[in-house]
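Summary of structural features
Residue strings, one per chain:
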Amino acid sequence: GVQTCALPILDANDQYQGALFSGHPSDVLSAVLAAADVAGATPHAVVAATVVGYEVFGALAEVLPLRNRGWDQGVMVAPAAALAAGRLLGLTEAQLGEAVAIAATAYVPTRQTRTGHLSMWKGAATSAAAQGGLWAALLAREGMTGPTAAYEGEEGVWQMVTGPFTLDHLGAMPGGLAVERANYKAFAAEDHSQALLSQGLA
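So, a few notes on the structure that sits alongside this text. (Residues numbered from 1 in each chain as written. Predicted model: local features only at pLDDT ≥ 70, side-chain atom pairs only at ≥ 80, totals over all residues. Heavy atoms only, no water.)

**Some thoughts on the overall build of the protein**
- Per the secondary structure count, the protein includes nine helices and three strands.
- Across its three principal axes, the protein shows a C-alpha extent of roughly 55 × 40 × 35 Å.
- Within the span of the protein, comprising 202 residues, buried residues form 48% of the whole.
- Expressed as a percentage of contacts within the protein between residues at least 6 apart in sequence, the contacts between residues at least 24 apart total 73%.
- For the protein, the accessible surface area stands at approximately 10000 Å², while carbon and sulfur atoms represent 60% of it.
- Of the charged side chains in the protein, 9 are positive and 17 negative; the average position of the first set lies 6 Å away from that of the second. (Helix = DSSP H or I, 4+ residues; strand = E, 2+ residues; numbered from the N terminus. Buried < 20%, exposed > 50% of the residue type's maximum accessible area, 1.4 Å probe, protein only. Contact = heavy atoms within 4.5 Å. Areas by Shrake-Rupley, 256 points an atom, 1.4 Å probe, with all protein chains shown as cover. Lys, Arg positive; Asp, Glu negative; His and termini not counted. Charge placed at Lys NZ, Arg CZ, Asp CG, Glu CD.)

**So, the packing of aromatic side chains**
- Tallied over the full model, the rule gives two aromatic pairs.
- Arranged with centres 5.8 Å apart and planes meeting at 90°, the rings of Tyr-151 and Phe-165 form a pair that is edge-to-face. One end of the pair, Tyr-151, is in the loop between α6 (125-141) and α7 (157-162); the other, Phe-165, is in the loop between α7 and α8 (178-181), with 14 residues separating them in the sequence.
- Its relative accessible area of 18% is what places Tyr-151 among the buried residues.
- Judged by centre distance (6.0 Å) and plane angle (65°), the rings of Trp-158 and Phe-165 are edge-to-face.
- A relative accessible area of 12% places Phe-165 in the buried class.
- An aromatic cluster is present here, built from Tyr-151, Trp-158 and Phe-165 joined pairwise through their rings.
- In this structure, Arg-67 is placed above the aromatic ring of Phe-21, and the distance from its NZ or CZ to the ring centre is 5.4 Å. (Phe/Tyr/Trp six-rings, centres within 6.5 Å; stacked < 30°, edge-to-face > 60°. Lys NZ or Arg CZ within 6 Å of the ring centre and 35° of its normal.)

**Some details on the packing of helix α4 (residues 74-88) against helix α5 (residues 93-106)**
- Two elements in contact, α4 and α5, have axes separated by 8 Å at closest approach and are oriented at 150°. By the angle between their axes, α4 is roughly antiparallel relative to α5. Note on packing geometry: the crossing formed by α4 with α5 is right-handed. For the pair formed by α4 and α5, the contact residues are Ala-78, Pro-79, Ala-82, Leu-83, Gly-86 and Arg-87 on the first element and Leu-96, Ala-99, Val-100 and Ala-103 on the second. (Axes fitted to C-alpha atoms, helices over the stretch in contact; angles between N-to-C directions. Parallel < 35°, antiparallel > 145°, perpendicular 65-115°, else oblique. Left-handed = near helix turned anticlockwise from the far one by under 90°.)

**Structural notes on α5**
- With 14 residues, α5 extends 20 Å from end C-alpha to end C-alpha; this agrees with the ideal 20 Å at 1.5 Å per step.
- Packed against the buried residues of α5 are α4, α6 and α7. (Expected span 1.5 Å × (residues − 1).)

**Remarks on the packing of helix α1 (residues 29-39) against α6**
- Two numbers describe how α1 lies on α6: the axes approach to 8 Å, and their chain directions differ by 35°. Of the residues in α6, those in contact with Ser-30, Ala-31, Ala-34, Ala-35 and Val-38 of α1 are Ala-130, Leu-134 and Arg-141.
- Across the contact of α1 with α6, the residue classes tally to six nonpolar, one polar and one charged. (Nonpolar A, V, L, I, M, F, W, Y, C, P; charged D, E, K, R; others polar.)

Pasting the structure below:
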């Protein structure tokens, strides 16, 4: 709910610069923490799920040309949140697949959120995607099935949103894990303003 907006609404999130897209993998954290609460997870499990969320987000940011196609980063956040939450909820491999299928097809936001005059929704859009990923994981845990060809099928994500891609590099990017490659903001402000703010305070 409202708690998922805590980081992005204040621009207190991080930044991951992928080869084709950049965004905020920290938006996945709200889904991780909510799933941890539901599951009574240990701190170790929370860290492991966070790494999963970051890796999925980072892998997608390397291959998805979303910005030029007019789509927003929720396309990456929703499946990343579904898998991270699903890990904490103890989903089987099949259930994780259903969760991703639900999240990938249900949460495809346009980039209008970050174009032109910016509304309050800019700080909540990816929170909604993270909440959707969590919801998808919870539904899959209870037996809900998702579209059978969410990405590669007719009118699926590949055809309508991203174009075909592979994730062969998942967990094998040079430079370590995605959580290690993300940039953390020194100031709670837009990413591109960080250098200017640091100089202004010097």
